[in-house]
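Residue-level structural notes
The primary structure of each chain is shown beneath.
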Amino acid sequence: FEWLDLVAGPPMDLAPRGTSPVISAPLGLLLVDLHGGVGFPVEAASDVGRGLRWQCRVLGEKAKPVRSKPGKYHFEDFETNLVPRILWDVIENLHNEHLPYEEIADITDLSPDVVCQYLEAKEDYRRRMDEKRREMGEDSCAELKWHQTLALLVG
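One structure accompanies this document, and this report is about it. Being a predicted model, the structure only gives us computed values, none of them experimental.

**Comments concerning the pattern of salt bridges**
Applying the stated criterion to the full structure yields three salt bridges. In this structure, Glu92 and Lys122 form a salt bridge, with 3.6 Å as the shortest nitrogen-oxygen distance. One end of the pair, Glu92, is in helix H2 (residues 88-96); the other, Lys122, is in helix H4 (residues 112-136), and 30 residues separate them in sequence. In terms of burial, Glu92 and Lys122 fall into one category: buried. In this structure, Asp124 and Arg127 form a salt bridge, with 2.8 Å as the shortest nitrogen-oxygen distance. Here Asp124 and its partner Arg127 are both found in helix H4, three residues apart, which amounts to about one turn of the helix. Take Asp124: its relative accessible area is 36%, and that puts it in the partly exposed class. A residue is classified by how much of its surface remains accessible, and Arg127, at 46% relative accessible area, is partly exposed. Linked by salt bridges that have partners in common, Glu92, Lys122 and Arg126 make up one network.

**Description of H2**
All of the buried residues in H2 are Trp88, Ile91, Glu92 and Leu94. Taken down its axis, H2 places every buried residue within 165° of arc, on the same side. Pointing more than 90 degrees away from the buried face of H2 are the exposed residues Asp89 and Asn96. Phi turns positive, to about 65°, at His98, one or two residues after H2.

**Quick word on the environment of Gly60**
Tracing the backbone shows Gly60 in the loop between strand S2 (55-56) and strand S3 (66-67). Residue class for Gly60 comes out exposed when judged on its relative accessible area of 74%. Separated by 95 residues in sequence, Gly60 and Gly155 have C-alpha atoms that sit 9.5 Å apart.

**With respect to the sheet that holds strand S4 (residues 72-73)**
On the basis of which strands lie adjacent, the open sheet formed by three strands has the order S1-S5-S4 and antiparallel pairing. Among the strands making up the open sheet, the edge pair consists of strand S1 (28-41) and S4. Looking at chain direction, S1 and strand S5 (residues 141-154) are connected through twelve bridges and run antiparallel. Following the sheet pairing, Asp33 is matched in S5 by Thr149.

Analysis parameters
- Residues numbered from 1 in each chain as written.
- Predicted model: local features only at pLDDT ≥ 70, side-chain atom pairs only at ≥ 80, totals over all residues.
- Heavy atoms only, no water.
- Salt bridge = Lys/Arg side-chain N within 4 Å of Asp/Glu carboxyl O.
- Helix = DSSP H or I, 4+ residues; strand = E, 2+ residues; numbered from the N terminus.
- Buried < 20%, exposed > 50% of the residue type's maximum accessible area, 1.4 Å probe, protein only.
- Arc of directions from axis to C-beta.
- Pairing = 2+ DSSP bridges.

Structural data, given as structure tokens:
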């Protein structure tokens, strides 16, 4: 952090003689950017009505701590422009029935190459999600996002 001298000293109110001046305004503003992270316990993150929040305060200050909004679950959705979304389940169900790509293509009015590319992309997505779950601890951890800035007044 680098503090810039915007004023020579703290702003003071005029106080009656014999009493010490009172600081009337904060000296600075500390902004804390919250983005997201992985590895939060699912039980804490899914606590109905509360969720997982960050709390920040400046040590030595008497002001109340500042709290963030609850974190939101982040799910990486499967995305592709190869096939309309309405056909995803149809293609997967036909594939699970072990139909050849040519028959699936004929039923869905797509080319066999597009069906093949779609199924490969979907399998890549599943593989990435399985790998991510293993890294996070087998469904016991969640990825949360905040995208919020907390403002703390420094006195």
